[in-house]
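A look at the structure
Next come the chains, spelled out residue by residue.
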Amino acid sequence: MKRKVLVTGASSGFGKSIAQKFAASGDDLFITGRRVELLNELKEELIAQYGVSVTVLVFDVQQKEDVFSTLFNNPDLNDLDILVNNAGLALGRDLFDEADMDDWETMIDTNVKGLLYVTKAVLPNFIKRGKGHIINIGSTAGKEVYERGNVYCATKTSVEVLSQAMRIDLLRHKIKVTVVHPGAADTEFSIVRFKGDEEKAKSVYDGYTPLYADDVADTVHYCANLPEHVCINSVVMTCTAQANSMYLFK
Ligand code: NDP
Ligand code: 8X3
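A brief structural summary. Because the structure is a prediction, the values reported are computed rather than measured. (Residues numbered from 1 in each chain as written. Chains lettered and ligands numbered in written order. Predicted model: local features only at pLDDT ≥ 70, side-chain atom pairs only at ≥ 80, totals over all residues. Heavy atoms only, no water.)

With that out of the way, let us pick up the sheet that holds strand β2 (residues 28-33). Hydrogen bonds between backbone atoms are what pair the strands of a sheet, whose relative direction is either parallel or antiparallel. Reading across from one edge, β3-β2-β1-β4-β5-β6-β7 is the order of the 7 strands in this open sheet, with parallel pairing throughout. Looking at strand neighbours, the two that pair on one side only are β3 (54-58) and β7 (234-237), the edges of this open sheet. Taken over all neighbouring pairs, the strand axes of this sheet differ in orientation by 15° on average, direction set aside. Note that strand β5 (residues 132-137) and strand β6 (residues 175-182) share 6 bridges and pair parallel. The residue bridging Gly132 from the neighbouring strand is Ile175, located in β6. Contacting β2 and β3, helix α2 (residues 36-50) runs over the sheet at an angle of about 175° to β3. (Pairing = 2+ DSSP bridges. Helix = DSSP H or I, 4+ residues; strand = E, 2+ residues; numbered from the N terminus. Axes fitted to C-alpha atoms, helices over the stretch in contact; angles between N-to-C directions. Contact = heavy atoms within 4.5 Å.)

Moving on, we get to helix α1 (residues 13-24). Under the 1.5 Å per step criterion, the end-to-end length of α1 is 17 Å for 12 residues, consistent within 8% with the ideal 16 Å. Buried within α1 are the following residues: Phe14, Gly15, Ser17, Ile18, Ala19, Phe22 and Ala23. Following α1 by one or two positions, Gly26 adopts a phi angle in the positive range, close to 90°. (Expected span 1.5 Å × (residues − 1). Buried < 20%, exposed > 50% of the residue type's maximum accessible area, 1.4 Å probe, protein only.)

Let us now look at the nonpolar core. With 36 residues, the main nonpolar core has Ile18, Phe22, Leu29, Ile31, Val84 and Val220 as its most contacted residues. In contact with Phe22, other than residues within four places in its own chain, are Arg3, Val5, Asp27, Leu29, Ile82, Val220, His221 and Ala224. In this structure, Val61, Leu77, Leu83 and Ala121 belong to the second largest nonpolar core, which totals 24 residues. (Core = buried A, V, L, I, M, F, W, Y, C linked by side-chain atoms within 4.5 Å.)

Take the site of ligand 1 next. Near ligand 1 you find 30 residues, and of these Ser11, Arg34, Asp60, Tyr152 and Thr187 are the closest. Arg34 has a polar side-chain atom sitting 2.6 Å from an oxygen atom of ligand 1. Here Lys156 contributes a side-chain N or O atom positioned 2.9 Å from an oxygen atom of ligand 1. If ligand 1 stood free it would expose 880 Å²; the protein chains cover 96% of that surface. If you list the elements that add at least two residues to the shell around ligand 1, you get α1, α5 (150-169) and α6 (189-193). (Near = heavy atom within 4 Å. Polar contact = N/O pair within 3.5 Å; in protein donor to acceptor, adjacent residues only side chain to side chain. Areas by Shrake-Rupley, 256 points an atom, 1.4 Å probe, with all protein chains shown as cover.)

Here the focus is the site of ligand 2. Lining the immediate environment of ligand 2, one finds Ser139, Ala141, Tyr146, Tyr152, Phe189 and Arg193. Here an oxygen atom of ligand 2 and a side-chain polar atom of Ser139 are 2.6 Å apart. In the model, an oxygen atom of ligand 2 is placed 2.7 Å from a nitrogen or oxygen of the Tyr146 side chain. For ligand 2, the accessible surface in isolation is 240 Å², of which the surrounding protein chains cover 84%. Looking at the shell around ligand 2, its residues break down into 4 nonpolar, 1 polar and 1 charged. (Nonpolar A, V, L, I, M, F, W, Y, C, P; charged D, E, K, R; others polar.)

Residue position: Lys176 is located in strand β6. Although buried, Lys176 forms no salt bridge, and the nearest oppositely charged side chain, Glu228, lies 6.1 Å from it. A polar side-chain atom of Lys176 sits 3.0 Å from the main-chain carbonyl oxygen of Pro227. Here the side chain of Lys176 touches Val230 through a polar contact of 2.6 Å, landing on its backbone oxygen. If near-sequence neighbours (up to four positions away) are discounted, Lys176 is found in contact with Gly132, His133, Ile134, Leu226, Pro227, Glu228, Val230 and Cys231. (Lys, Arg positive; Asp, Glu negative; His and termini not counted. Salt bridge = Lys/Arg side-chain N within 4 Å of Asp/Glu carboxyl O.)

Written as C-alpha cells, this is what we have:
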C-alpha cells in the first residue's frame, strides 16, 4: 500500500537515495533540506520515473520556528506513515582542545536539536493514528568514540540514546522507532566535514570500498517494509573493510 514518507536531508547522500528507494516502491514523498534547487531536481526525477507525489519542504532543521511553521499542523502530513531523520553533518576533525566552538554548536543544533524539533513537529500525526515509524540515522561514531571525533561522536551517541528513549516513551502509541548506524560512506559528508577540501575528503575513502548511499537506503527501506508487528530497533552497518569506528583495513 502507498505510504507517505518524510525524509530530511534529501538533497544529497543517504537522504536522496532513501527518497529514491521509497519512490521506486510507489510511496509518496516529502523531501526536505536547504538547497532548494537540488530538492526540485530530485522531485522532477522521482515524478518522471515513478509517478509518485513529491513535495519539497525547504527549511533549516536548526531553526525551531521554521521547522514548526512548516511541519506542525500541516494538513498534508496528517496521514504521514514514516519519518526518516537523516539531516546531519560533521564539521571539522580536530582534537578537543583545538576544535572550533561554532562547529560544535552547529553539530549539536543540527544532529540533536534539529532531530528533536522535526520529530516533535510531526509526532501528533502518528499519535492521532496510533501508528507511525521513526527511522533515525545515527553512526558508528555513536557506538565508539574516536580520536578527533569528540562532539560529532557525542551527537551521534545522543541519536542512539534518543532513539531508545523514543521507543520506550512512544510504546503506548504503537510507534516504531529504528536507528540505523552506518560506518564510513562515500557521500558529501566528508566534503562538508572538511569544509570544501575535496582532496582531503576523497582521501577518507582511498584504499578500500566504503559504503555507498544506496547501501544505507536499502537497509532503511528494508526496516520500513516489515510486518506491522515487527520493529528492527537498531542496525549497525559498515563496509566489509571496517569493523567499527576505530578499525578500518586499507
Ligand atoms: P550529505 O552531506 O551527503 O547529506 C547531508 C544532508 O543533510 C543534506 O541533504 C543536507 O541538506 C542535510 N542537512 C545538513 N544540515 C542541515 C540543516 N541544518 N538543515 C536541513 N538539512 C540539513 O551526508 P550523508 O548523506 O552522508 O549524511 C546523512 C546523515 O548520515 C547525517 O546525519 C550523517 O551524520 C550520517 N552519517 C553519515 C555517514 C557517512 O560516512 N557519510 C556515516 C554515518 C552517518 P542541505 O545541505 O540541502 O541542507
Ligand atoms: C560518519 C562516519 O566514521 O566519519 O558518521 O564517524 S565517521
